[in-house]
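If you want the building blocks of each chain, they are given just below.
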Amino acid sequence: MSAPRRTPAFYGLAAVFALFVLFLYGPMVVIFVLSLQGPEGGLTFPMRGFSFHWFGKLWEGMGVVDIAAAFRRSVALGAVVMVLTVLLSLGAGLAFRRRLKGAGALFYTAVASLIMPSIVVSLGIGLQFRLVDTGLQALLTQWGLDGLLEGYGTAMGLYTSALGAHLTWTLPFGLLIMLAVFNRFSPAYEEAARDLGATPWQGFRHVVLPLVAPSLVGVGMFGFTLSWDEIARTSQAIGDVNTLPLELQGLTSTVTTPAIYALGTVTTLVSFVVMGATWALVTWLGRRR
Amino acid sequence: MKSLHLPPWLQATPFALVFALFLVLPLLLVGAVSFWQATDYELIPAFTGKNYVDVFAGCANTEELCVTLKTYLSTLKFCVLVWAITLVIGFLVAYFLAFHVQSTSMQTLLFVLCTVPFWTSNVIRMISWVPLLGRNGLVNQGLTGLGVVDSPVEWLLFSDFSVVLAFVHLYTMFMIVPIFNSMKRIDPALIEASRDSGATGWQTVWNVVVPLCRTGIVIGSIFVVTIVMGDFVTIGVMGGQQIASVGKVIQVQTSYLQFPMAAANAVILLATTLMMVWALTRVVDLRREL
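Residues numbered from 1 in each chain as written. Chains lettered and ligands numbered in written order. Predicted model: local features only at pLDDT ≥ 70, side-chain atom pairs only at ≥ 80, totals over all residues.

(A) Quick look at the overall build of chain B. Looking only at helices and strands, one finds 15 helices and 2 strands in chain B. A principal-axis box enclosing the C-alpha atoms of chain B has dimensions of 75 × 70 × 40 Å. Counting over 290 residues, chain B shows a buried share of 42%. Considering only intrachain contacts with a sequence separation of at least 6, the fraction spanning at least 24 residues in chain B is 67%. (Helix = DSSP H or I, 4+ residues; strand = E, 2+ residues; numbered from the N terminus. Buried ≥ 20, exposed ≤ 12 C-beta atoms within 10 Å, placed from the backbone. Contact = placed C-beta atoms within 7 Å.)

(B) Representation of the overall build of chain A. When you go through chain A residue by residue, the secondary structure sums to 11 helices and 0 strands. Secondary structure elements in chain A, listed N-terminal to C-terminal, are α-α-α-α-α-α-α-α-α-α-α. Relative to the compact-globule value of 19 Å for 289 residues, chain A shows a C-alpha radius of gyration of 24 Å, a clear excess of over 25%. Along the first, second and third principal axes, the C-alpha atoms of chain A reach 80 × 70 × 35 Å. Sorting the 289 residues of chain A into buried and exposed places 41% on the buried side. Within chain A, counting contacts between residues at least 6 apart in sequence, those at least 24 apart form 77% of the total. (Rg over C-alpha atoms; globule rule 2.2 N^0.38 Å.)

(C) The arrangement of the interface of chain A and chain B in detail. Across the boundary between the two partners, chain A contributes 81 residues, which contact 79 residues of chain B. Those elements that provide at least two residues to the side of chain A that touches chain B are α1 (8–34), α3 (67–97), α4 (103–115), α5 (118–142), α7 (158–183), α9 (200–229), α10 (244–251) and α11 (259–288) of chain A. Per-element accounting of the side of chain A that touches chain B gives the leading share, 15 residues, to α1(A). Grouping the amino acids of the side of chain A that touches chain B by side-chain chemistry returns 52 nonpolar, 22 polar and 7 charged. (Nonpolar A, V, L, I, M, F, W, Y, C, P; charged D, E, K, R; others polar.)

(D) Expanded view of the confidence of the model for chain B. All names here are of chain B. Predicted confidence across chain B gives a mean pLDDT of 88, with 96% of residues reaching 70 or more. Taken element by element, chain B is modelled with least confidence in strand β2 (residues 43–44), mean pLDDT 80, and with most confidence in helix α8 (residues 160–171), mean pLDDT 94. Of the two predicted TM-score estimates for the complex, the pTM is 0.89 and the ipTM is 0.87. (pLDDT = per-residue confidence, 0-100.)

(E) Spatial organisation of the packing of α3(A) against α7(A). Residue and element names in this part refer to chain A. Put simply, α3 and α7 touch, their axes get as near as 7 Å, and they point 40 degrees apart. Between α3 and α7, the interaxial angle falls into the category oblique. Crossing angle aside, the handedness with which α3 passes α7 is right-handed. Its residues assigned to classes, the contact of α3 with α7 shows 18 nonpolar, 6 polar and 2 charged. (Axes fitted to C-alpha atoms, helices over the stretch in contact; angles between N-to-C directions. Parallel < 35°, antiparallel > 145°, perpendicular 65-115°, else oblique. Left-handed = near helix turned anticlockwise from the far one by under 90°.)

(F) Main features of unusual backbone geometry. Residue and element names in this part refer to chain B. Positive phi, normally seen in glycine, also occurs at F158, with a value near 55 degrees. Relative to the helices and strands, F158 resides in the loop between α7 (138–146) and α8. Its 20 C-beta neighbours within 10 Å are what place F158 among the buried residues. Of note, the phi angle at L257 is positive, near 60 degrees, even though the residue is not glycine. As for its position among the elements, L257 is in the loop between α14 (246–255) and α15 (259–281).

(G) Layout of α10(A). With respect to burial, α10(A) is a largely interior element, 6 of its 8 residues being buried. Residues of α10(A) that are buried: L244(A), P245(A), L246(A), E247(A), L248(A) and Q249(A). Buried positions along α10(A) lie against α3, α9 and α11 of chain A together with α5 (122–127) and α13 (233–238) of chain B.

(H) Quick look at the environment of A69(A). Turning to its location among the elements, A69(A) is positioned in helix α3. Residues A69(A) and L140(A), spaced 71 residues apart in sequence, show a C-alpha to C-alpha distance of 32 Å.

(I) Representation of the environment of C79(B) within the structure. All names here are of chain B. Inspection of the secondary structure assignment puts C79 in helix α3 (residues 67–100). Judged by the 22 C-beta atoms lying within 10 Å of it, C79 falls in the buried class. In this structure, the C-alpha to C-alpha distance between C79 and H169, residues 90 residues apart in sequence, is 14 Å. In this view, C79 contacts V225, V228 and M229; residues no more than four positions away in its chain are not counted.

(J) Inspection of the nonpolar core at higher detail. One finds V30(B) and A266(B) to be the most contacted residues of the largest nonpolar core, which totals 142 residues. In contact with A266(B), not counting residues within four places along its chain, are V120(A), L123(A), V30(B) and I250(B). (Core = buried A, V, L, I, M, F, W, Y, C linked by C-beta atoms within 7 Å.)

(K) Summary view of the packing of α5(A) against α7(A). Residue and element names in this part refer to chain A. Closest axis-to-axis distance for the α5/α7 pair is 10 Å, and the angle between their directions is 150 degrees. Relative to α7, the element α5 is oriented roughly antiparallel. Both α5 and α7 take part in a crossing whose hand is right-handed. Across the interface between the two elements, V121, S122, I125 and F129 from α5 touch S161, G164, A165 and T168 from α7. Classifying every residue of the contact of α5 with α7 by side-chain character gives 4 nonpolar, 4 polar and no charged.

(L) Geometry of the confidence of the model for chain A. On average, chain A scores 86 in pLDDT, and the residues at 70 or more come to 97%. Ranking the elements of chain A by mean pLDDT puts helix α6 (residues 146–151) of chain A last, at 75, and α7(A) first, at 93.

Set out below in structure tokens:
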């Protein structure tokens, strides 16, 4: 475009953009700095020395909350969500390229999931598992399996209800990315592979997969990071143990030391590491091609 | 065009199953349970309309607004404010990126810069305002230091102001991405034609760019509107757990195990939100635009 480059409008908009970036990152930088408060420091400036004191406190646990355990749970759940999001979105993406009955309904269900108020989804999943619990307990009573009945807690948990709740949030993003990728994907590559005698599996493995691999890495990153931060959908659909963001949300109203900033710094670093790894992997895949 | 031996419906089955089990079925249950009775400790699957009557208890009174309507009005107020602010900021930022940044690599870099925070924790981004807006925060230190105010300003944190600020902080990204995407697809020839026909810069923006970004604006608006309507986390944390919202009502009722009431509220919230989305989608056909 040959727009006049440095008009007054350009400077005005550039200023708006700069202010917006400052608005986005400023508060984040502030809590990174404050998480390095000395042992005497408080929740606000001034800084009273520099130390990793609050990171140590964090690792010891905050009150009754075992942060390290919640951290491990969230990483594990995020990893499972990531793998499932990649596999299921790829499957659906491939299916949408061919004649799929009910493609429209499936597409709109996924979009509906994306814009559905999370509290409603969460309530629904919570209700569903409560009813499953009631049903199972009634069955166990009927069959006289008292031993099992006593040991039975709830079907709700990290890898049942919470996993399902997270997938309703990550899969629509995965599908939208796959549809965007395959919309711009020429079938000529596969046809060429087939003409050269490749089986459908070989065509997929050696032609389609390498071409969409960078996008799959992107889908994986969406899966992990969205799961890593998820609160609203998980809130009513998790059993006895909490994920890290849920613990964090609870801590906002009780913790009054910079340890909470240290926790913020750690979770943000994890997000940055995942984004960095994604970027590195995509670049590497691009070079190999 | 066969890419695998598997038939397409089998490839899509796991994906579809997740939504059947964790979206469609739960929503049907919410609908059903909203008509159930309950005691303090169990749900009774017997039909009643009482939950809906209770939600609107006192709403026939014309003198004073009932609790439900007040809560919806408050939530709608946040919705409209956040929508308007994110739309203006989102449009300006996307416009700058799409039309004023010349090189594609610079464009990508700045675009990524805007989206990175989206992949970090929302709660952390909320509490990161505390050291700035709190009673002894940077803003108050600055204001009292300069002598603008005598005592610290109290309404900066845990107020309507901080709630709107946090929403804008968290969700402007949802406006920028679709609007930027729409702007990238505008044929530059159209803008040149507009200029050659004698339109001023402002006329070009209003009569050419805005109509052509309609899809992006609508998609962004749907995201922002639905997020704010159902929110309870942001309003909870940034409102100091003192501000009511529809989502918060449902969350509180659920935590007290009042499932039928929570379900009735959820159905009403869903109906309200879907009507807003429907009104917005009258403007574009979503699937054709992908």
